[in-house]
Amino acid sequence: MGASVEWRDFKYEETFEQELRGLCRRRESDPACTPEELEGTLRHLYSMDGADWGGRGDVQDTIMAATIAAYEHFIAQWKAETAPE
């Protein structure tokens with residue numbers, strides 16, 4: 001593993017954690033925030049990711065991947081937490 005992989009891992013983890021903190025704060029402070037609303041944002045992120053075609057660069061690709069993963073994770077956790085047993 002070289003330095004090029006290390007910076008990607010660091011950036012991915014940093015972005016993932018920042019996004020999760022932001023989503024937690026949003027859920028706590030915004031009564032209009034729902035899993036369905038976040039799924040709309042996630043669909044937009046998927047669209048933005050698919051529209052790149054390689055022009056964004058490694059840093060932005062890493063940030064986009066981590067952001068999408070954070071949304072997916074947060075939504076899945078929220079739904080599991082509120083699902084009837």
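Here the structure is a predicted model, which means the values were calculated and not measured.

Rules behind the numbers
Residues numbered from 1 in each chain as written. Predicted model: local features only at pLDDT ≥ 70, side-chain atom pairs only at ≥ 80, totals over all residues. Heavy atoms only, no water. Phe/Tyr/Trp six-rings, centres within 6.5 Å; stacked < 30°, edge-to-face > 60°. Helix = DSSP H or I, 4+ residues; strand = E, 2+ residues; numbered from the N terminus. Buried < 20%, exposed > 50% of the residue type's maximum accessible area, 1.4 Å probe, protein only. Salt bridge = Lys/Arg side-chain N within 4 Å of Asp/Glu carboxyl O.

**A few points about the packing of aromatic side chains**
Now for step 1: Scanning the entire structure with this criterion turns up 2 aromatic pairs.
Now for step 2: Between Tyr-12 and Phe-16, the ring centres sit 6.3 Å apart and the planes meet at 10°, which makes this aromatic pair stacked. On the criterion of helical spacing, the pair formed by Tyr-12 and Phe-16 is a turn pair, its members being 4 residues apart in helix H1 (residues 3-29).
Now for step 3: With a relative accessible area of 14%, Phe-16 lands in the buried category.
Now for step 4: For the ring pair Phe-74 and Trp-78, a centre distance of 5.9 Å and an interplane angle of 75° mean the geometry is edge-to-face. Remark: Trp-78 and Phe-74 occur in helix H3 (residues 58-82); sequence separation between them is 4 residues, near one turn of the helix. For the residue pair Phe-74 and Trp-78, the accessibility class agrees, reading buried in each case.

**So, the pattern of salt bridges**
A side chain with one charge can pair with a side chain of the opposite charge if their charged atoms come near.
Now for step 1: In total, this model carries 7 salt bridges according to the counting rule given.
Now for step 2: Asp-58 is paired through a salt bridge with Arg-8; the nearest N and O atoms lie 2.7 Å apart. Linking Asp-58 in helix H3 with Arg-8 in helix H1, this pair joins segments that are 50 residues apart in sequence.
Now for step 3: Here Asp-58 falls in the partly exposed class, since its relative accessible area comes to 43%.
Now for step 4: Assessed through its relative accessible area of 29%, Arg-8 is described here as partly exposed.
Now for step 5: The salt bridge involving Arg-56 is made with Asp-61; its shortest N-O contact spans 2.9 Å.

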